[in-house]
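Spelled out, the chains give:
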Amino acid sequence: VNIAKPNGRSVLWFGYDCPHGTVYLPFYGAATKGAPESYHSHSGTLAKFSFDVAWWPYAFINQWSENNFELINPVVLSKARRIEAKAMKLVEDWEKEASYFEHESPEG
């Protein structure tokens, strides 16, 4: 999900694997640093397992939840929503901080 915002603050909420069993994490298009290494690592592939590749935990959790979807998926979603809520709070805090510095800068 991409949320367009002014001043280089657009946020891509990205989650690997199936929407019903993923956690969406924020990535800024105008970030000054790249995503965590595990999101662009070439240590593993979809066919070669690696703890260094972020896709694998998503895939593993979704595979296991499909064994008993009715029982396991609510637990997965509950944890995902808690992580997303924390990420949303961090994004909100960052945007407040960025706005403060934007208004305090000589150009702002």
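Residues numbered from 1 in each chain as written. Predicted model: local features only at pLDDT ≥ 70, side-chain atom pairs only at ≥ 80, totals over all residues. Heavy atoms only, no water.

The strand order across the open sheet formed by three strands is S1-S2-S3, and the pairing between neighbours is antiparallel. Bordering the open sheet on either side are strand S1 (2–3) and strand S3 (25–28), each of which pairs with just one other strand. Alignment of S1 against strand S2 (residues 11–14), held across two bridges, turns out to be antiparallel. Along S2, the bridge assignment pairs Asn2 with Leu12. (Pairing = 2+ DSSP bridges. Helix = DSSP H or I, 4+ residues; strand = E, 2+ residues; numbered from the N terminus.)

Enumeration according to the criterion identifies 11 aromatic pairs in this entry. Note on Phe14 and Phe27: the rings are 6.3 Å apart at their centroids and 75° apart in plane angle, and the pair reads as edge-to-face. Highlighted residues: Phe14 in strand S2 and Phe27 in strand S3, separated in sequence by 13 residues. Taking relative accessible area as the criterion, Phe14 reaches 28% and is therefore assigned partly exposed. We classify Phe27 as buried; its relative accessible area is 17%. Here the aromatic rings of Phe49 and Trp56 are separated by 5.2 Å at their centres, their planes lie at 70°, and the arrangement is edge-to-face. Relative accessible area serves as the criterion here: at 46%, Phe49 is assigned to the partly exposed category. The structure contains a cluster of three or more aromatic residues connected by ring pairs, namely Phe14, Tyr16, Phe27, Tyr39 and Tyr58. (Phe/Tyr/Trp six-rings, centres within 6.5 Å; stacked < 30°, edge-to-face > 60°. Buried < 20%, exposed > 50% of the residue type's maximum accessible area, 1.4 Å probe, protein only.)

Moving on to the environment of Glu37. Among the secondary structure elements, Glu37 is positioned in the loop between S3 and helix H1 (55–67). Overall, the relative accessible area of 52% leaves Glu37 in the exposed class. Linking Glu37 and Ala85, residues 48 residues apart in sequence, is a C-alpha distance of 23 Å.

Honestly, it's all geometry; don't read function into it.
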